[in-house]
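Structural overview
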Amino acid sequence: MSRRLQGKKAFITGAALGIGRASAEAFAREGATVIATDVDAEALAGLDGLDGVTTAVLDVTNPNAIKEIAGSVGPVDVLFNVAAIVHHGSVLDCSDDDWDMSFAVNAKSVHRTVRAFLPGMLESGGGSIINVASTHGLARGGVNRYAYTATKGAIAALTRAIALDFVRQNIRCNCIAPGPILSPSLLARLESGAFAEAGGSSAEEALQQLTDTHPMGRLGETGEVAALAVFLASDESSFITGTAQLVDGGWSL
Ligand SMILES: NC(=O)c1ccc[n+]([C@@H]2O[C@H](COP(=O)([O-])OP(=O)(O)OC[C@H]3O[C@@H](n4cnc5c(N)ncnc54)[C@H](O)[C@@H]3O)[C@@H](O)[C@H]2O)c1
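Below, the structure is looked at part by part. Here the structure is a predicted model, which means the values were calculated and not measured.

1. Considerations on the sheet that holds strand S1 (residues 9–12)
- Read across the open sheet, the 7 strands follow the order S3-S2-S1-S4-S5-S6-S7; overall the sheet is parallel. A strand with exactly one partner marks an edge of an open sheet, and here the two such strands are strand S3 (53–57) and strand S7 (244–247). Neighbouring strand axes in the sheet, compared pairwise and without regard to direction, differ in orientation by 20° on average.
- Relative to strand S5 (residues 127–132), strand S4 (residues 78–81) runs parallel, the two being bridged by 4 bridges. Within S5, the position partnered with Asn81 by the bridge is Asn131.
- Each of S1, strand S2 (33–38), S3, S4 and strand S6 (171–178) is contacted by helix H1 (residues 18–29), which is oriented at about 170° to S1, the strand it contacts most.
- Across the sheet, helix H8 (residues 222–233) is in contact with S4, S5, S6 and S7; its angle to S6 comes to roughly 170°.

2. Here we look at the packing of aromatic side chains
- By the definition in use, this model includes 4 aromatic pairs.
- Look at Phe11 and Phe117: their rings are 4.5 Å apart centre to centre, the planes differ by 40°, and that puts the pair in the tilted class. One end of the pair, Phe11, is in strand S1; the other, Phe117, is in helix H4 (residues 96–123), and 106 residues separate them in sequence.
- Classification of Phe117 by relative accessible area gives buried; the value is 2%.

3. Section: the site of the ligand
- Around the ligand, 28 residues are found, and the nearest of them are Asp38, Val82, Tyr148, Ile181 and Ser183.
- Between the ligand and the protein, one listed contact pairs an oxygen atom with a backbone N or O atom of Ile19 at 2.8 Å.
- Within the side chain of Asp38, a nitrogen or oxygen atom sits 2.7 Å from an oxygen atom of the ligand.
- Considered on its own, the ligand offers 810 Å² of accessible surface; in the complex 91% of this is hidden by protein.
- Listing elements by their share of the shell around the ligand, those giving two or more residues are H1, helix H5 (146–165) and helix H6 (184–191).
- Of the residues belonging to the shell around the ligand, the class tally is 18 nonpolar, 6 polar and 4 charged.

4. A look at the packing of H1 against H8
- At a minimum axis separation of 8 Å, H1 and H8 run at an interaxial angle of 50°. Compared by their axis directions, H1 and H8 come out oblique. When you trace H1 past H8, the crossing you get is right-handed. For the pair H1 and H8, the contacting residues are Gly18, Ile19, Ala22, Ser23, Ala26 and Phe27 in the first and Thr222, Gly223, Val225, Ala226, Ala229, Val230 and Ala233 in the second.

5. Let's talk about the pairing of S4
- On S4, burial covers both faces: Val78 and Phe80 on one face and Leu79 and Asn81 on the other are all buried.
- Bridge count between S1 and S4: 3 bridges; the pairing is parallel. Within the sheet, the bridge partner assigned to Phe11 lies in S4 and is Leu79.
- Remark: the S4/H4/S5 crossover connection has right-handed handedness.

6. Focus: the nonpolar core
- Residues Ile12, Phe27, Val34, Ala36, Phe80 and Ile176 are the most contacted members of the largest nonpolar core, which totals 33 residues.
- Going through the elements one at a time, S1, H1, S2, helix H2 (41–44), S4, S5 and H8 are the ones with two or more residues in this core.
- Here this core takes 7 residues from H8, the largest share from any one element.
- Discounting residues that sit within four places of it in the chain, Ile176 has contacts with Phe80, Ile130, Asn131, Val132, Ala133, Ser134, Val225, Leu228, Ala229, Leu232, Gln245 and Val247.
- Counting residues in each nonpolar core, the second largest holds 27 residues, with Ala83, Val105, Val110 and Ala133 among its members.

About the thresholds
Residues numbered from 1 in each chain as written. Predicted model: local features only at pLDDT ≥ 70, side-chain atom pairs only at ≥ 80, totals over all residues. Heavy atoms only, no water. Pairing = 2+ DSSP bridges. Helix = DSSP H or I, 4+ residues; strand = E, 2+ residues; numbered from the N terminus. Axes fitted to C-alpha atoms, helices over the stretch in contact; angles between N-to-C directions. Contact = heavy atoms within 4.5 Å. Phe/Tyr/Trp six-rings, centres within 6.5 Å; stacked < 30°, edge-to-face > 60°. Buried < 20%, exposed > 50% of the residue type's maximum accessible area, 1.4 Å probe, protein only. Near = heavy atom within 4 Å. Polar contact = N/O pair within 3.5 Å; in protein donor to acceptor, adjacent residues only side chain to side chain. Areas by Shrake-Rupley, 256 points an atom, 1.4 Å probe, with all protein chains shown as cover. Nonpolar A, V, L, I, M, F, W, Y, C, P; charged D, E, K, R; others polar. Parallel < 35°, antiparallel > 145°, perpendicular 65-115°, else oblique. Left-handed = near helix turned anticlockwise from the far one by under 90°. Right-handed = clockwise from strand over helix to strand, strands pointing away. Core = buried A, V, L, I, M, F, W, Y, C linked by side-chain atoms within 4.5 Å.

Written out as structure tokens, the structure is:
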């Protein structure tokens, strides 16, 4: 075991499933002390008992809860913002409430966690902030992902703004932009027909159609995103800030 995050404390949102969970496990394997949070208490319980991981229920749309947990956790070395929802539909399907909810969960949450944790990072001499954007809103659009795409574009932009404002204070801020990754929520969306635009009348057919659009002939694994998160959290990425890192197997080529 290489222990690339030995001695680091990492706070993760949206850690119960998929990319967040794989990252919480990978961070802990690399020696970090991990505070894994999610709104889904039942799914989060799957991380209970893992060495180096403490779990806490947190709804990232609740500003008081974010302030409270940041106060109790204290300064962290790594803030990893993963929590998100996917609104399905075009602009014509997106009500003001849909738009507001998408931005509250996906983007305003990042604004709030950074405001809550950055002062502690500055006081303790630095840190790494990692946000999860998407190929949608960065390298390509997303059919019927209007609000989602808008939130992910905002995350890429705010990542650069934070990186530049604090570049001289040993704060790095990067975002990860995955293409389709085989997470429970992607599989659930395939089941629900939310990928109907990819073709196919069943979830299996839609998955095959989506897979066929990938130059590598496969979708990504959550561990392949977690591996990049470990790198960005570690000191190995010390000269990297303000970037959006694609993890999409060449999907956007
Ligand atoms: N899976 C993909 O294909 C893919 C592609 C591009 C980007 N992403 C992004 O990667 C991240 C993880 O995606 P995923 O597919 O692994 O998991 P996911 O879509 O299931 O979401 C991650 C977690 O966010 C949590 N969450 C939702 N609302 C929350 C709230 N209000 N407060 C706290 N937590 C909340 C969910 O409970 C879930 O555990 C997301 O930001 C997603 O947008 C995923």
